[in-house]
Amino acid sequence: MKRFSEVMKAKTSKMLDKAEDPRETLDYSYEKQLEMVQKVRRGLADVATSRKRLELQQAQLKASADKLEQQARTAVGVGKEDLAREALNRRAGLQTQLDGLDAQRAQLQGEEDKLTLALQRLQTKVEAFRTKKETIKATYTAAEATSKIGEAVSGISEEMGDVGLAIQRAEDKTATMQARAGAVDELIASGALDDVTSEPGGDIQRQLDALSSGSSVDDELAKMKAELGAGAPAPKEIAAPGVPAEQPAGGEAK
Amino acid sequence: MIVRILHEGQLEVPDEALTELNELDDHLINAVEKGDQGLFHTALAALIAKVREVGKPVADDHLGPSELILPGADATLDEVRKLLHDDGLIPG
């Protein structure tokens, strides 16, 4: 990876030899370092925002999946297997989405953790640089300062190049995910994920509601039939003792 | 010598380990040139594992450049090629 190293070094050492007085290089580099710390902080905040957005979407999709599962249960309960199947199919689709989101969330979390460490390291180095800068300036003799400055500046330049790449990477990932997250938001907003009114077969919940009100009508009917059924054979029962019943009737007649 | 693993930091690696690291490095370069994803990941993982094993992390307040810079452990072949390609060192 020699070539890789050389390329990386070339990328990170461009900041050197900026000023005629090496001491100005120190101040210039320090300014750049502070800017970089700010940049990492902002990058970190962006990644965290994206991650939170994904988590929010996960929660929404999870709620939809739970609702569909409940609907499937209800459908099985009233013996509508086709509806249950439809609800479970939709739920499986959502689960695939959820798994995808979870992988993305884990990736962003990884970037966030890495940037957090990178920020810590950079801040420590910047602080060390500031101290060294003041020391070099205080004891400045042109001959020895140049090499010391070169070492310190190229060391921290490399760190900044590294952190800069890390941010770039995190930003790329965040941008990809925001595009995807936007698509999922649209799906959620459109209601296509758990509201199926627009599709053939109609709204699962509406059908289930119709079924359950239908089944309560059926229940009542069955109850009434049972009551009436209990009433229908009753005349026979009455008829059976109906023979002796004539006695009280006759008694009354007396 | 000091080796940097990108996005991970600098490690001080003893010179005795260089022969072994160079071998692992050859595998990696080979994989990059072949454009073989599977080989690339195996070779990169092996190289970085070795550097971590023999290297000691350099203090965070150390202010010096590295002699060698390696891609991060989760770098992809495309990322490495892109970084190299940016400066036109490896065509394609």
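Just above sits the structure.
What you see is a predicted model, and the numbers here were worked out from it, not measured in a lab.

1. Quick notes on the overall build of chain B
Next, step 1: Along the backbone of chain B there are three helices and four strands.
Next, step 2: Put simply, chain B runs from its N terminus to its C terminus through helices and strands in the order β-β-α-α-β-β-α.
Next, step 3: Within chain B, the fraction of its 92 residues that count as buried is 45%.
Next, step 4: For chain B, the proportion of contacts with a sequence separation of at least 24, taken over those separated by at least 6, is 69%.
Next, step 5: Roughly 4,600 Å² of accessible area belongs to chain B as shown, and the carbon and sulfur atoms make up 53% of that amount.

2. Re the side chain of Gln57(A)
Residues and elements named next belong to chain A.
Next, step 1: Checked against the element boundaries, Gln 57 lands in helix H2 (residues 22-77).
Next, step 2: We classify Gln 57 as buried; its relative accessible area is 1%.
Next, step 3: The residues contacting Gln 57, other than those within four sequence positions of it, are Leu 101, Ala 181, Val 184, Asp 185 and Ile 188.

3. Here's the deal with the interface of chain B and chain A
Next, step 1: Counting residues at the interface gives 35 residues for chain B, matched by 28 residues for chain A.
Next, step 2: Contact with chain A buries surface across chain B, with His7(B), Leu63(B) and Ile69(B) losing the most and accounting together for 28% of the total.
Next, step 3: Between the two partners, chain B and chain A, sit six salt bridges.
Next, step 4: Two residues, Arg4(B) and Glu158(A), come together in a salt bridge whose shortest N-O distance is 2.5 Å.
Next, step 5: Summed over the shared surface of chain B and chain A, the result is twelve residue pairs in polar contact (both at pLDDT 80 or more).

Rules used in this analysis
- Residues numbered from 1 in each chain as written.
- Chains lettered and ligands numbered in written order.
- Predicted model: local features only at pLDDT ≥ 70, side-chain atom pairs only at ≥ 80, totals over all residues.
- Heavy atoms only, no water.
- Helix = DSSP H or I, 4+ residues; strand = E, 2+ residues; numbered from the N terminus.
- Buried < 20%, exposed > 50% of the residue type's maximum accessible area, 1.4 Å probe, protein only.
- Contact = heavy atoms within 4.5 Å.
- Areas by Shrake-Rupley, 256 points an atom, 1.4 Å probe, with all protein chains shown as cover.
- Buried area = accessible area lost by both parts, 1.4 Å probe.
- Salt bridge = Lys/Arg side-chain N within 4 Å of Asp/Glu carboxyl O.
- Polar contact = N/O pair within 3.5 Å; in protein donor to acceptor, adjacent residues only side chain to side chain.

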